[in-house]
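Spelled out, the chains give:
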Number of protein chains: 2
Amino acid sequence: MTVTEVPPEGLTISAAAQMSGLSVDTLRYYEKEGLTLHRPGRSSSGQRRYTEQNVKWLGTLVMLRRTGMPIRDIKKFVELYRRDGTEADRLAILEAHRVHVLEQLDEVQTHLTAINRKIDYYKTAVMDGK
Amino acid sequence: MTVTEVPPEGLTISAAAQMSGLSVDTLRYYEKEGLTLHRPGRSSSGQRRYTEQNVKWLGTLVMLRRTGMPIRDIKKFVELYRRDGTEADRLAILEAHRVHVLEQLDEVQTHLTAINRKIDYYKTAVMDGK
DNA sequence: ATGAACCTTGGAGTGCGCTCCAGCACAAGT
DNA sequence: ACTTGTGCTGGAGCGCACTCCAAGGTTCAT
């Protein structure tokens, strides 16, 4: 039940980049920073091969990054993730992050209504000929 | 009907910083970058004095920044703002920005539901004793 | 009148998150 | 066989938005 087929021999880095919405450079950078849950395997000639599991984790990284979690915090999360019995800690991090995201959203929404007010003001001003 | 009194001689930079939620350094940086609508006046000894108008504009800058508008785009907006008859252009910029903010919000909200799902998963996992 | 607390400037430095590059190896299509 | 494309590494470079610093001036309370 995969959205897009991942062949058993794995995806090339460019394919994984396309699927995750990240750039090839970013993928290598994340790996260098230790953000991958498992490093992707290598072909006989040393090229990365991404499994479906690898790609799924990239999705998690995107989720965390695009909600504003800094690289170094993600790193801590991943390190936890790699050890068993850390479920409670992972939960704590996610819940703290959730609160953080909600605060962000709230602030942006407040500013958004101010933007809307300004837009309404200009719409009237422009309509009234300059 | 001002929220906090602004004396006629104006506020010091640190007072303006406190009111706007920006740092003193950021205030000077924004001014250097040409983000102020009007540069604040100076005391006899050359210290900045912020009027209520100045402080209000800082609020606008905060609104644009915290919704993700880059400094260089704000700069263009301010330059427009300083010229008369640019109301339609200002409106266009604000509307484009509004769309951008809505897109951002939407993406973050999507990721948020994914975070919530993960949290629910861990809540169950943790409850079931590790 | 001495010291702390504030302000000024120009410019250097920082942290973040990529992004790009050189120089090389391998892969795939024709 | 050849050419084009893709991949590898280590490391340099970049854009952004501040943030800090040195060196000095002013203000004010004790």
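Let me sum up the structure you'll find in this document.

So, how was this worked out
- Residues numbered from 1 in each chain as written.
- Chains lettered and ligands numbered in written order.
- Predicted model: local features only at pLDDT ≥ 70, side-chain atom pairs only at ≥ 80, totals over all residues.
- Heavy atoms only, no water.
- Contact = heavy atoms within 4.5 Å.
- Buried area = accessible area lost by both parts, 1.4 Å probe.
- Salt bridge = Lys/Arg side-chain N within 4 Å of Asp/Glu carboxyl O.
- Polar contact = N/O pair within 3.5 Å; in protein donor to acceptor, adjacent residues only side chain to side chain.
- Helix = DSSP H or I, 4+ residues; strand = E, 2+ residues; numbered from the N terminus.
- Nonpolar A, V, L, I, M, F, W, Y, C, P; charged D, E, K, R; others polar.
- Near = heavy atom within 4 Å.
- Least-squares fit on C-alpha atoms with pLDDT ≥ 70 in both.

Right, let's talk about the interface of chain B and chain A for a bit. Counting from both sides, the interface comprises 32 residues of chain B and, opposite them, 32 residues of chain A. Summed over both partners, the interface of chain B with chain A buries about 3,300 Å², with 76% contributed by carbon and sulfur atoms. Measuring nitrogen to oxygen at the nearest pair gives 3.5 Å for the salt bridge that ties A:Glu95 to B:Lys123. Across the contact surface, chain B and chain A share 11 residue pairs in polar contact (both at pLDDT 80 or more). Counting only elements with at least two residues in the side of chain B that touches chain A, the list comes to α3 (52-66) and α5 (87-127) of chain B. Per element, the largest residue contribution to the side of chain B that touches chain A is 24 residues, and it comes from α5(B). Within the side of chain B that touches chain A, the residues separate by chemical class into 16 nonpolar, 7 polar and 9 charged.

In this section: the protein's contact with DNA strand D. Taken together, 18 residues lie near DNA strand D, and A:Ser14, A:Arg28, A:Arg48, B:Tyr30 and B:Arg72 sit nearest. For DNA strand D, a base nitrogen lies 3.5 Å from a polar atom in the side chain of B:Asp25. The contact in question runs from a phosphate oxygen of DNA strand D to an N or O atom on the side chain of B:Arg65, over 2.9 Å. Elements represented by at least two residues in the surface near DNA strand D include exactly α1 (13-20) and α2 (24-32) of chain A together with α2 (24-32) and α4 (71-81) of chain B. In terms of residue count, the dominant contributor to the surface near DNA strand D is α2(B) (4 residues). Its residues assigned to classes, the surface near DNA strand D comprises 5 nonpolar, 6 polar and 7 charged.

Here the focus is the relation of the copies chain B and chain A. Note on the copies: chain B fits chain A at an RMSD of 0.0 Å, the axial shift is 0.0 Å, and the rotation between them is 180°. Viewed as a symmetry operation, the transformation between the two copies matches a two-fold axis. When C-alpha distances to the rotation axis are compared across chain B, the minimum falls at B:Leu105, with a value of 3.5 Å. Both copies share a contact surface, since 100% of the interface residues of chain B are interface residues in chain A too.

A few words now on the protein's contact with DNA strand C. Within the structure, DNA strand C sits among 18 residues, and A:Tyr30, A:Arg72, B:Ser14, B:Arg28 and B:Arg48 are positioned closest to it. Protein-proximal atoms of DNA strand C, defined as those within 4 Å of the protein, fall in sugar or phosphate at a share of 79%. Between DNA strand C and B:Arg28 there is a distance of 2.6 Å, counted from a phosphate oxygen to a side-chain nitrogen or oxygen. Contact distances for DNA strand C include 3.2 Å between a phosphate oxygen and a side-chain N or O atom of B:Arg42.

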